[in-house]
Amino acid sequence: MTGLTLVHLYPREMNIYGDTGNMLVLRKRLAWRGLDATVVPVSVGDPLPADADILLGGGGQDATQGDIGADFVSRAATLRAMADDGVVMLGICGTYQLFGHEFLTKDGRRIAGTGVLDVTTTGSDTRLIGNNHVESPWGRLVGFENHSGLTRLGSGVQPLGRTLSGRGNNGEDATEGAVRANVFGTYLHGPVLAKSPGFADELLRRAFARRGDPVELAPLDDSLALAAAEVAVGRPR
Amino acid sequence: MDIRPADLLPIWLGKLTLLALRLSGRRGTALPGLVVEKLFPRFLPRRLAALRHGVVVVTGTNGKTTTTKMVATVLGQRYPVLTNDTGGNFVRGVLTSLVMQSSWLGRSSAEVAVLELDEAHAVRFCEVYQPERLLLLNVLRDQLDRFGEIDTTAQILGKVAARTTEHVVLNRDDPRLVALAPGLPAEVGYFGVAPELRAMFPTDDELYGGPVRIADQPASAVLESVELGLTTQVELTVAGERLAVELRAEGAHNAQNAAAAAAIALTLGLDPQTIAAGLLAVEPAFGRGQSFSVAGRRVVLQLVKNPAGFRQSLRTVESLRPAATVIAINDDYADGRDMSWLWDVEFASFLQGKSGHLLTSGSRAADMAVRLRYDELAVDGVNPELAGAVDEAVSLVKPDETVVVFATYTAMWHLHQVLEERVG
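No experiment lies behind these values; they were computed from the predicted model shown.

Calculation rules
Residues numbered from 1 in each chain as written. Chains lettered and ligands numbered in written order. Predicted model: local features only at pLDDT ≥ 70, side-chain atom pairs only at ≥ 80, totals over all residues. Axes fitted to C-alpha atoms, helices over the stretch in contact; angles between N-to-C directions. Helix = DSSP H or I, 4+ residues; strand = E, 2+ residues; numbered from the N terminus. Parallel < 35°, antiparallel > 145°, perpendicular 65-115°, else oblique. Left-handed = near helix turned anticlockwise from the far one by under 90°. Contact = placed C-beta atoms within 7 Å. Expected span 1.5 Å × (residues − 1). Buried ≥ 20, exposed ≤ 12 C-beta atoms within 10 Å, placed from the backbone. Pairing = 2+ DSSP bridges. Domains from an automatic or database assignment. Nonpolar A, V, L, I, M, F, W, Y, C, P; charged D, E, K, R; others polar.

## Notes on the packing of helix H4 (residues 64-75) of chain B against helix H12 (residues 272-280) of chain B
Residue and element names in this part refer to chain B.
Now for step 1: Direction vectors running N to C along H4 and H12 enclose 125°, while the axes themselves pass 8 Å from each other. One way to sum up the angle between H4 and H12 is to call them oblique. The chirality of how H4 crosses H12 is right-handed. Here Met70, Thr73 and Val74 of H4 come into contact with H12, specifically with Ile275, Gly278 and Leu279.

## Observations regarding helix H5 (residues 197-210) of chain A
Residues and elements named next belong to chain A.
Now for step 1: If you check H5, its first and last C-alpha atoms are 20 Å apart, about what 14 residues at 1.5 Å a residue would give, namely 20 Å.
Now for step 2: Every buried residue belonging to H5 is among Pro197, Phe199, Ala200, Asp201, Leu203, Leu204 and Ala207, and all of these are buried.
Now for step 3: Two residues or fewer past H5, Gly212 is found with a positive phi of approximately 80°.

## Details of the environment of Asn254 of chain B
Residue and element names in this part refer to chain B.
Now for step 1: Along the chain, the position of Asn254 falls in helix H11 (residues 252-266).
Now for step 2: Spatially, the C-alpha atoms of Asn254 and Thr67 are 7.7 Å apart, while their sequence positions differ by 187 residues.
Now for step 3: Leave out the neighbours within four places in its chain, and Asn254 touches Thr66, Thr232, Leu247 and Ala249.

## A short note on the sheet that holds strand E3 (residues 112-116) of chain B
Residue and element names in this part refer to chain B.
Now for step 1: Spatial strand order, E2-E3-E1-E4-E5-E6-E7-E8-E9: nine strands in an open sheet with mixed pairing. Across the chains shown, the open sheet's two edge strands, defined by having one partner strand only, are strand E2 (81-83) and strand E9 (241-247). Taken pair by pair, the neighbouring strands of this sheet meet at an average axis angle of 20°, ignoring direction.
Now for step 2: Two strands pair when backbone bridges link them, and strand E5 (residues 167-171) and strand E6 (residues 187-193) are joined in this way by five bridges, in the parallel orientation. Note on E6: the bridge partner recorded for Leu170 is Tyr190.
Now for step 3: Its contacts with the sheet put H11 on strand E1 (55-59), strand E4 (133-136), E5, E6, strand E7 (221-228), strand E8 (232-238) and E9, and the angle it makes with E7 is roughly 155°.

## Topic: the interface of chain A and chain B
Now for step 1: Each side of the interface is counted separately: chain A has 31 residues, and chain B has 25 residues.
Now for step 2: Secondary structure elements with two or more residues in the side of chain A that touches chain B: helix H1 (20-31), helix H2 (62-74), strand E8 (128-136), strand E9 (139-147) and helix H6 (223-234) of chain A.

## Brief notes about unusual backbone geometry
Now for step 1: The omega angle of the peptide bond from Gly190 of chain A to Pro191 of chain A is -10°, so this bond is cis rather than trans.
Now for step 2: In this fold, Pro191 of chain A is placed in the loop between strand E14 (183-186) and H5.
Now for step 3: If you check the backbone angles, Ala181 of chain A has positive phi at about 50° while not being a glycine.
Now for step 4: By the secondary structure assignment, Ala181 of chain A is in the loop between strand E13 (178-180) and E14.
Now for step 5: Even without a glycine there, the phi angle at Arg321 of chain B is positive, about 45°.
Now for step 6: One can find Arg321 of chain B in the loop between helix H14 (316-320) and strand E12 (324-328).
Now for step 7: When the 13 C-beta atoms within 10 Å are taken as the criterion, Arg321 of chain B is described as partly exposed.

## Some remarks on helix H16 (residues 365-374) of chain B
Residues and elements named next belong to chain B.
Now for step 1: With nine of ten residues buried, H16 lies mostly within the body of the structure.
Now for step 2: Listing the buried residues of H16 in full gives Ala365, Ala366, Asp367, Met368, Ala369, Val370, Arg371, Leu372 and Tyr374.
Now for step 3: Positive backbone phi, approximately 60°, marks Glu376, located one or two places after H16.

## Regarding the environment of Thr360 of chain B
Residues and elements named next belong to chain B.
Now for step 1: For Thr360, the position within the fold is in strand E13 (residues 357-361).
Now for step 2: Linking Thr360 and Asp380, residues 20 residues apart in sequence, is a C-alpha distance of 8.3 Å.
Now for step 3: Those residues in contact with Thr360 that lie beyond four places of it in its chain are Ile327, Ala365, Met368, Ala369, Val379 and Val382.

## Re the domain arrangement of chain B
All names here are of chain B.
Now for step 1: One can read the domain layout of chain B as domain 1 (5-280) and domain 2 (288-423).
Now for step 2: Here the C-alpha centroids of domain 1 and domain 2 sit 27 Å apart.
Now for step 3: Residue-level contacts link 18 residues of domain 1 with 15 residues of domain 2.
Now for step 4: Only H4 and H11 provide two or more residues apiece to the side of domain 1 that touches domain 2.
Now for step 5: Partitioned by chemical class, the residues of the side of domain 1 that touches domain 2 number six nonpolar, eight polar and four charged.

## Brief notes about the packing of H6 of chain A against H16 of chain B
The relative placement of two packed helices comes down to the angle between their axes together with the axis-to-axis distance.
Now for step 1: For the pair H6 of chain A and H16 of chain B, interaxial distance at closest approach is 8 Å and the crossing angle is 145°. Like other packed secondary-structure pairs, H6 of chain A and H16 of chain B cross with a definite hand, here left-handed. Contacts between H6 of chain A and H16 of chain B involve Leu224, Ala225, Ala227, Ala228 and Val231 of chain A from the former and Ala366, Asp367, Ala369, Val370 and Arg373 of chain B from the latter.
Now for step 2: Residues that form the contact of H6 of chain A with H16 of chain B fall into these classes: eight nonpolar, no polar and two charged.

The following block contains the structure:
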């Protein structure tokens, strides 16, 4: 079996809250099972690999998000086609916002997104900051949110889960994140996959299934990660 | 400093508050300052304005405490210095220092104040008093759960620089700081490191893969070379003169801090030889590479707060050669609640085969262990209880061997107390 191609979107620009750790988690969870992976960093101007299996993108600073915004949006059609083709995508925070239709800033500017997910984000004056976790079909997702954009979901997506402790997408409707088929968006940093091993394996399983190589992922000892998740859930926001 | 009758009341009040705290066995640095601040809001600016050589504010993300100690020690070669070295990294701590260093008759010999302030408190301080001098060390990602973004932090520092009246000394190797220079009312100067050392001191953007940028600003103090061992041997060019200095504060980052301290000292008229003598006399600051002798073992306590600082501190493992390493991560407000930053530090190359026994501790001991596991480092113990973890590490090593403890802010404070008790 050939290894998975893991695409890291803007690893330098969109990396502010340790989201690169998600890539490390996926890589190691493959390696520990004797499965190969190739990581392809994609920065401004670089081509997107046609054989991408999983595509990850993290959060950035507001200013940086502006720097890469045009490049990101120029890939909108390609990204939508990849999403329709079942490529597994995980966008955190800034990348999640750019997966959406648009971002309306506080001062009324409209920044176009890619429309990969049916969500829209508006800027606000308050930052939603703190520990957060949601229950999902792939186990408890545990992380830390830090964003001022408020995201509302359209009918074309489902929330990733209900927020139990945090503010979530917008601080109002108790939803966190969005999912459509194999595309996931979330505000959970942490990095989210570190303390949500079931979710990490779900992404890998879907990537193999899409290629027609369904695998039985050998179980790993995740007792530390689950213990760390349990601690995190019990900590103040 | 002359006695002003109006100052006697606040000084007495502050001293009595401090006395009451001590008698009740507490060691607060904020309360006396708070009392004086509330009742006598003009006391602080009036006392500071009376200092012959004014106020030096030291701020930035990393290295504030050690650099403040360096500046205070260097300036102490020439002037009586007032400084907030009691760990009161805020305006009230400054007030407490003022009260403590004045006599009951209101006399203080201090001629210059060297104040460590974090970014947010520096802004608040500048609203009360416009400092004569400002030393800006760096802007790195740290406590983003408190400040939001690193660019926001840079803007905050810009406000402090704009309020400074005489000299602003900037790290020329940090582009976010260099960008603050245009339009400042004060005279701008720089410190820096030699181009061939630049890779050892990555800026925030460089840490995350950006190209290394060589500055072209002329610097009055430049770090030319650094050799790490049990002590740190550095060479500096200060006002054109080459100096060789042995620092007791460990790590390359402290060699860079020495250049910063030298540059600000020059603006106060100190000559290079006096600066060198001052740097030689600097001892490690509270919990920043301090050594404790516990049951014949050497325990070194290193504060870690953010990815850049953690990387710099991890480099000391190479020279300390520990037989055990403890990483203690708390997530109280002062530590930062977000654990994401642990994933911005690469541990394998610093610890693989060099750490000795490896233990994690603190409220997020499990998070730290997960992080190390993904760097393929074997963890020998996960014990959230701080004292227990350090005792275990000490028990695992032989006499004369070294235990290194990396600890976040509140974990460091707690362990400092524990280690002082263990030294007995």
